[in-house]
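Architecture at a glance
Listed below, chain by chain, are the residues.
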Amino acid sequence: MLTRTLRRLATCPRMFTRCLSSTFPAPQTPCHLEEREGTSKEITKEYTSVQPLLRVLLIRHAESVNNRLYKELCDSGRARLWDEWRHADPPLTEEGWQQAEQLATRLERNPELYDFDGRGMSISKIYTSAMHRAMQTALPLHRYLKTPTEIWPSIHETGGIFHVKQGILRGHTFNQIGVEFAGFHVPRETV
């Protein structure tokens, strides 16, 4: 699933003017292009001046109700109840909302976290799965960074929204997303 998603990202350049990543170091000159006897300085200079086409910052959702429940069940020795008590599509906890807000303010105030090589890069688009906790985590980012946010229903954990007793469940409808996450874009072909 992730491979297909990354392939989609790479093949849709009009969707990406600039994306980002704070996990990869700035591009370096490859060993075979370093200045050596007989190597053109122009080739080396041209290579190092090329800006990357795509940078991606991956963010996991903030604390969900299931994250809290799992910790509480394990701490109390009742982990066997996990499958029965878990929510199929859990929302964020109060702490999760605080984490999402902190992330958004940190990225807003510290562009060096994603523009680590000083090229003036910005977050140009936010993509989120249709999982409730992921959309809720993206909401403060959308507000603080004033960045277009798109929901990709095909980005989700294996099995999607699933519950042991209830099976595969539907997530939020297009209208529910429009109310709770106004401003988020949901591609029509996915509805």
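In this report, we go over the structure that sits alongside the text. This is a predicted model, so every value here is computed, not measured.

Here we look at the sheet that holds strand 2 (residues 149-151)
Taken in spatial order, the three strands of this open sheet run 1-2-5, and their pairing is parallel. At either margin of the open sheet sits one strand with a lone partner, and together these are strand 1 (126-128) and strand 5 (184-185). Examined bridge by bridge, strand 1 and strand 2 share three bridges and lie parallel to one another. The partner of T128 across the bridge, within strand 2, is I151. Set on the sheet, helix 6 (residues 132-145) makes contact with strand 1, strand 2 and strand 5; between it and strand 1 the angle comes to about 165°.

Considering the packing of aromatic side chains
Summed over the entire model, instances satisfying the criterion amount to two aromatic pairs. Look at Y127 and W152: their rings are 4.5 Å apart centre to centre, the planes differ by 50°, and that puts the pair in the tilted class. A residue pair is termed long-range when its members are at least 10 positions apart, and Y127 in strand 1 and W152 in the loop between strand 2 and strand 3 (162-163) qualify at 25 residues. Given a relative accessible area of 2%, W152 falls into the buried group.

A short note on the environment of Y114
Looking at the secondary structure, you find Y114 in the loop between helix 5 (94-109) and strand 1. Taking relative accessible area as the criterion, Y114 reaches 8% and is therefore assigned buried. Separated by 59 residues in the primary sequence, Y114 and R55 place their C-alpha atoms 8.8 Å from one another.

What counts as what
- Residues numbered from 1 in each chain as written.
- Predicted model: local features only at pLDDT ≥ 70, side-chain atom pairs only at ≥ 80, totals over all residues.
- Heavy atoms only, no water.
- Pairing = 2+ DSSP bridges.
- Helix = DSSP H or I, 4+ residues; strand = E, 2+ residues; numbered from the N terminus.
- Contact = heavy atoms within 4.5 Å.
- Axes fitted to C-alpha atoms, helices over the stretch in contact; angles between N-to-C directions.
- Phe/Tyr/Trp six-rings, centres within 6.5 Å; stacked < 30°, edge-to-face > 60°.
- Buried < 20%, exposed > 50% of the residue type's maximum accessible area, 1.4 Å probe, protein only.

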